[in-house]
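An overview of the molecular structure
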Amino acid sequence: MSASSPLTVPDDSPFGVHNLPYGVFTTADRPDRRRIGVAIGDHVLDAGAAARAVGAPAGPGESAGFEALGASSLNPLLAAGRPVWTAVRAALTRWLTDDSLRAAVEPCLVPRAEVTLHLPFEVADYVDFYASEHHATNLGKIFRPGSEPLTPNWKHLPIGYHGRSGTIVVSGTPVTRPSGQRKAPADPVPVFGPSRRLDIEAELGFVVGAPSELGSPVALADAAEHVFGVCLVNDWSARDLQAWEYVPLGPFLGKSFATSVSPWIVPLDALAQARTTPPPRDVEPLPYLDDRDPAAEPSGFDIALEVRLNGHVISRPPFAAMYWTYAQMLAHLTANGASLRTGDLFASGTISGPERETRGALIELTWNGQDPLKLADGSERTFLEDGDEVVITATAPGPGGTRIGFGEVAGRIVPRPTT
Ligand code: MN
């Protein structure tokens, strides 16, 4: 491509041709018309328009994908399965790099700054895990001082809970401070009111494409047949509500008021160079979770996150440090025969590394509010205040020294209207 073409993307772009994340967008002139877009450089390729402009599909996989690219959400593409995902990715790569297609493809590009991005798929079921040993250890020390930080089950199974898919929102959606019951240990009775300990959880989310049959667990080795791609997640958490309500059934209203996701879904295929071996298994896993086969492709990912609060970097969580992998999470969540549906989302849990500056939640960064964060502008935070904005970004290594960007998941806290 010549330098004047919008298809000439600098090598250091997080949205280079090796990434090709999928989203759903509208433009100002057609706010009612949601279309599938693929990020490329500073532009978005209108994928359905490009499929029509380039013409007849080359193979059967491409034909099915060609139809799916014309949809208003990613669900038909997600449902189509791995062979179609591979064929569509190959076609997109050709459309964006073959000079003979340039005249057809260029008119299908929209400047990224001019689009509105939407929740890219209809979220079916939502599960959130707790897969960081550092995060689980820190929370154990904070909540159960004097006892073993990790619960006895922690290294035998990836702990998770079912969340609320209906309140998953796209990046940029304001987050209303939740109200609920709270009761500190010293309080005689609970009170109801706005959360005073509103927190973030920096996580990755895994988007399920191909469904599975009820009664048939998904084996570790088959995870990539079902998982389409990866997004950023901010699992907003009201710690005061959570602390009072969570015994004995786990998180409920302290989590379900909002969960933010990034608008771009990075295909699993874009993360081949980011694959890495997870930390050593300290406890022998049961066979369905045993990923210690050195011949198998590792299921860890070297993905570096960055968390900003009001523009200041407050943490750099490393996904490579996660104890449980996405494949183990998927194998565990279907181990009882529970089926997968297209659009299921399972999130990793807070990503925290071993050092303070790599912790993915304020409760850890401030040690339950005892040690406030000092921001570069001189302000201090324990938990989030109204008006605060949190932005989470991430990158992973791509081929030949390139970077794979995840875009961002952003959200600003707004007070509950006093009506
Ligand atoms: Mn979480």
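Residue numbers here run from 1 along each chain, matching the order of that chain's written sequence. Only residues with pLDDT of at least 70 get local features here, since the model is predicted, and only at 80 or more are side-chain atom pairs given and counted; chain-wide, interface and lining totals rely on the full set of residues. Water and hydrogen atoms were dropped before computing side-chain values, which therefore reflect all heavy atoms in the structure.

1. Regarding the coordination of the manganese ion
The condition is simple: Donor atoms (N, O, S) are those found within 2.8 Å of the metal centre, with the cutoff raised to 3.2 Å for Na, K and Ca; water is not part of the atom list, so apparent gaps in a site can occur. Helical segments are the DSSP runs of H or I of at least four residues, strand segments are the runs of E of at least two, and each set is numbered from the N terminus. Partly exposed describes any residue whose relative accessible area lies between the buried limit of under 20% and the exposed limit of over 50%, with all areas from a 1.4 Å probe on protein chains only and scaled to the type maximum.
Distances from the manganese ion to its protein donors, Asp128 (OD), Glu201 (OE), Glu203 (OE) and Asp235 (OD), fall at 2.1 Å. Summarised as a motif, the one-chain spacing of the donors to the manganese ion is D-x72-E-x1-E-x31-D. Note that Asp128 is positioned in strand S6 (residues 126-129) and Asp235 in the loop between strand S14 (227-234) and strand S15 (237-238), a separation of 107 residues in sequence. The residues Asp128 and Asp235 share a single accessibility class, namely buried.

2. Points about the sheet that holds strand S26 (residues 403-414)
Note the following rule: Two strands make a pair as long as DSSP finds a minimum of two bridges between them.
Here five strands make up an open sheet; going across it, the order is S9-S26-S25-S20-S21 and the pairing mixed. Looking along the sheet, the strands with just one partner apiece sit at the ends: strand S9 (175-176) and strand S21 (312-315). Of the strand pairs in this sheet, S9 and S26 are connected by two bridges, and their pairing is parallel. Following the sheet pairing, Val175 is matched in S26 by Ile413.

3. Here we look at the pairing of strand S2 (residues 30-40)
Summarising the sheet, strand S1 (residues 22-27) and S2 pair through five bridges and their orientation is antiparallel. Along S2, the bridge assignment pairs Tyr22 with Val38. What sits between the antiparallel neighbours S1 and S2 is a turn of two residues. Relative to strand S3 (residues 43-46), S2 is paired through four bridges, and the arrangement is antiparallel.

4. Examining the environment of Ser237
Counted only if it meets this: Only heavy atoms matter for contacts: two residues are in contact if any of them lie within 4.5 Å across the pair.
Relative to the elements of secondary structure, Ser237 occurs in strand S15. The exposure class of Ser237 is buried, given its relative accessible area of 0%. Put simply, Ser237 and Ile363 are 126 residues apart on the chain and 9.9 Å apart in space, counted from C-alpha to C-alpha. Residue contacts for Ser237: discarding those within four places in its chain leaves Arg197, Leu198, Asp199, Glu201, Gln242, Gly254, Lys255 and Phe257.

5. Details of the sheet that holds S3
Basically, it comes down to this: Throughout, an axis means a line fitted to C-alpha atoms (over the contacting stretch in the case of helices), and angles, computed between N-to-C directions, take values from 0 to 180 degrees.
The five strands lie next to each other as S4-S3-S2-S1-S5, forming an open sheet whose pairing is antiparallel. In this open sheet, the two edge strands, each paired with only one partner strand, are strand S4 (109-111) and strand S5 (115-118). Shown here is a sheet whose adjacent strand axes are inclined to one another by a mean of 45 degrees, direction ignored. Inspection of the sheet shows S1 paired to S5 by four bridges, in the antiparallel sense. By the bridge assignment for S5, Thr26 is matched with Thr116. The sheet strands contacting helix H1 (residues 47-54) are S2 and S3, and the helix crosses S3 at an angle near 55 degrees.

6. What about the domain arrangement of the protein?
Going by this rule: Just so you know, the domain bounds were taken from an automatic or database domain assignment. A quick way to say it: buried area is the sum, across both parts, of accessible area lost when two parts are put together, with a 1.4 Å probe. Note on definitions: salt bridges are taken to be side-chain nitrogens of Lys or Arg within 4 Å of carboxyl oxygens of Asp or Glu. Under the rule applied, a polar contact is a pair of N or O atoms within 3.5 Å (in protein, one hydrogen donor and one hydrogen acceptor; residues adjacent in sequence only if both atoms are side-chain atoms). Polar here means any residue outside two lists: the nonpolar Ala, Val, Leu, Ile, Met, Phe, Trp, Tyr, Cys and Pro, and the charged Asp, Glu, Lys and Arg; Gly therefore counts as polar.
Along its sequence, the protein is carved into domain 1 (22-118) and domain 2 (126-414). For domain 1 versus domain 2, the separation of C-alpha centres amounts to 30 Å. Contact residues are listed per partner, giving 19 residues for domain 1 and 19 residues for domain 2. Its largest share of buried area at the contact with domain 2, domain 1 owes to Tyr22, Leu78 and Arg82, together 41% of the area lost on that side. At the boundary of domain 1 and domain 2, one finds one salt bridge. Taking the shortest distance from any N to any O, the salt bridge between Asp269 and Arg82 comes out at 3.1 Å. Our count for the domain 1 to domain 2 interface comes out at five residue pairs in polar contact (both at pLDDT 80 or more). Per-class residue counts for the side of domain 1 that touches domain 2 are ten nonpolar, six polar and three charged.

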